[in-house]
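Summary of structural features
Residue strings, one per chain:
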Amino acid sequence: MAERERESGDIYRQDINSDYIPNDRTGKMINRRPLRRKSCGLCRDKIDLIDYKDIHMLRSFIPERGKIMPRRISGNCAIHQRMLATAIKRARSVAFIPFVAD
Amino acid sequence: MAEKRTYEVVAILGPTTAEDWVSTFNKNVTELIEKLGGTVVNVNDMGVRKLAYKIDKFNEGHYLIFEVDGSGQEVAEVERRFRVNDNVIRYMTIRVDLQRRRAEKFKTRRANRLARRGQSAAARRAERAESQPAAEE
């Protein structure tokens, strides 16, 4: 099958967003934006125990909506994220922090 | 009593409960735990706080946090009484000895790692000090 000449009106995927380049094999879009690995701030601060009573600290990981901030945003390590999640859930059940904020 | 455990029992009382009622409640719980073979290590009376959401149509609650050492039997009994008591609008028990032990472990591990790192750095420094005069000669 002959390759069609590229015409001026054609939109190529590369042209839409230079950060996105289609994968050769699957044709799926993949993000080529360089990733910066976030480091766990709780490891840095050497926190061994997250207390559910420490509301001020928990609040820093709860966005507006009252949800638990995901790891991909906070950059926490698995151990600390798990600790944090249990602490937040405990604090919720004794009404220190809301389940849903509006 | 096979092993000693530490629990944290949070009780939230309604804001309308009288002050002296709270103190007798406090005393009753402590006595009950002591009678059943546990010990109350600490009682944290946080006073009346605003609740993050309504519980039983109350916007505020009187928080009491008991730190209890024991087998768990006495905590179960205390919880049973909380359930019966209408002044207790919410309670929660947490086992804290495990997470404290875990924190302790993290601390020692970090200290060990630091010590090891310090050692290797010292070793490297010693090596460099040895090799440098040799290079000059």
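Quick look at the structure, then. (Residues numbered from 1 in each chain as written. Chains lettered and ligands numbered in written order. Predicted model: local features only at pLDDT ≥ 70, side-chain atom pairs only at ≥ 80, totals over all residues.)

**Points about the overall build of chain A**
- Along its length, chain A carries five helices and two strands.
- Here chain A holds 102 residues, and 18% of them are scored as buried.
- For chain A, restricting intrachain contacts to residue pairs at least 6 apart in sequence, the fraction spanning at least 24 positions comes to 56%. (Helix = DSSP H or I, 4+ residues; strand = E, 2+ residues; numbered from the N terminus. Buried ≥ 20, exposed ≤ 12 C-beta atoms within 10 Å, placed from the backbone. Contact = placed C-beta atoms within 7 Å.)

**Some details on the interface of chain B and chain A**
- Between chain B and chain A, the residue contacts involve 16 residues of the former and 11 residues of the latter.
- Looking at the side of chain B that touches chain A, the elements with two or more residues in it are strand S1 (5–13), strand S2 (39–55), strand S4 (88–95) and helix H3 (97–136) of chain B.
- In terms of residue count, H3 of chain B provides more of the side of chain B that touches chain A than any other element does, six residues in total.
- When its residues are assigned to classes, the side of chain B that touches chain A shows 10 nonpolar, two polar and four charged. (Nonpolar A, V, L, I, M, F, W, Y, C, P; charged D, E, K, R; others polar.)

**Side note on helix H1 (residues 19–35) of chain B**
All names here are of chain B.
- A rise of 1.5 Å per residue sets the reference length of H1, with its 17 residues, at 24 Å; its end C-alpha atoms lie 24 Å apart and thus fit the reference within 8%.
- For H1, the secondary structure elements touched by its buried residues are S2, strand S3 (58–70) and helix H2 (73–84).
- A positive backbone phi angle near 100 degrees is found at Gly 37, which sits one or two residues after H1. (Expected span 1.5 Å × (residues − 1).)

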